[in-house]
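Each chain is listed here by its residues.
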Amino acid sequence: MTRNDVTELIITQKLSKNLTWPELAKSIGMSKEWTTAALLGQMTLTAQQAAKIGAMLDLPAEAIIQLQVVPYKGSLPTSVPTDPLIYRFYELVNVYGTTFKALIHEEFGDGIMSAIDFNMDIQREADPKGDRVKIVMSGKFLPYKSY
């Protein structure tokens, strides 16, 4: 059983058991964003977390072990995403990437925003013109060091 097989099984079991990502996240005491990333193959669960998820989703022992293996991160099948929703994030970086960079460097100096020491919150924002997606990302600033 590969990690991709486990991801497909998780998605199928989640649907068949009528569970939501937030419900799965609550069971292991983590955010819905981190838990979803983990269950889609991008993060590593502890043995206790993997056992809880395995019980909720009736996963085989081999899948529970796979959830504890450090994954190969990066899940996009192509360098330019073709899924319309994911492509919009690619478009955001293409259009606003230089703006993100300029404003972060002006405020913090020469460095990067960590994707490791990072958190994210995704919420629905009601709007009479049509609901909006609100995404808040927070990553630790890591300055480049001189040596």
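Definitions and limits used
- Residues numbered from 1 in each chain as written.
- Predicted model: local features only at pLDDT ≥ 70, side-chain atom pairs only at ≥ 80, totals over all residues.
- Heavy atoms only, no water.
- Bend = angle between axes of the 7 residues up to and from the residue.
- Helix = DSSP H or I, 4+ residues; strand = E, 2+ residues; numbered from the N terminus.
- Polar contact = N/O pair within 3.5 Å; in protein donor to acceptor, adjacent residues only side chain to side chain.
- Buried < 20%, exposed > 50% of the residue type's maximum accessible area, 1.4 Å probe, protein only.
- Contact = heavy atoms within 4.5 Å.
- Phe/Tyr/Trp six-rings, centres within 6.5 Å; stacked < 30°, edge-to-face > 60°.

### Considerations on helix H6 (residues 84-108)
Roughly 60° is the biggest bend found in H6, and it falls at tyrosine 96. Put simply, aspartate 83 is the residue that caps the front of H6, since its side-chain oxygen is 3.1 Å from the backbone nitrogen of leucine 85. Backbone geometry just after H6 places glycine 109 at a positive phi near 105°.

### Quick notes on the side chain of threonine 35
Mapped onto the elements of the fold, threonine 35 is located in helix H3 (residues 32-39). Residue classification places threonine 35 among the buried residues on the basis of a relative accessible area of 0%. Engagement of the side chain of threonine 35 in a polar contact is seen with the backbone oxygen of serine 31, the distance being 2.8 Å. Excluding residues that lie within four positions of it along the chain, threonine 35 makes contacts with Leu24, Ala25, Ile28 and Met30.

### Some points on the packing of aromatic side chains
Within this structure, the stated rule accounts for 2 aromatic pairs. A centroid spacing of 5.7 Å and a plane angle of 40° characterise the contact between tyrosine 87 and tyrosine 90, whose relative ring orientation is tilted. Of the two residues, tyrosine 87 and tyrosine 90 both sit in helix H6, 3 residues apart, roughly one turn of that helix.

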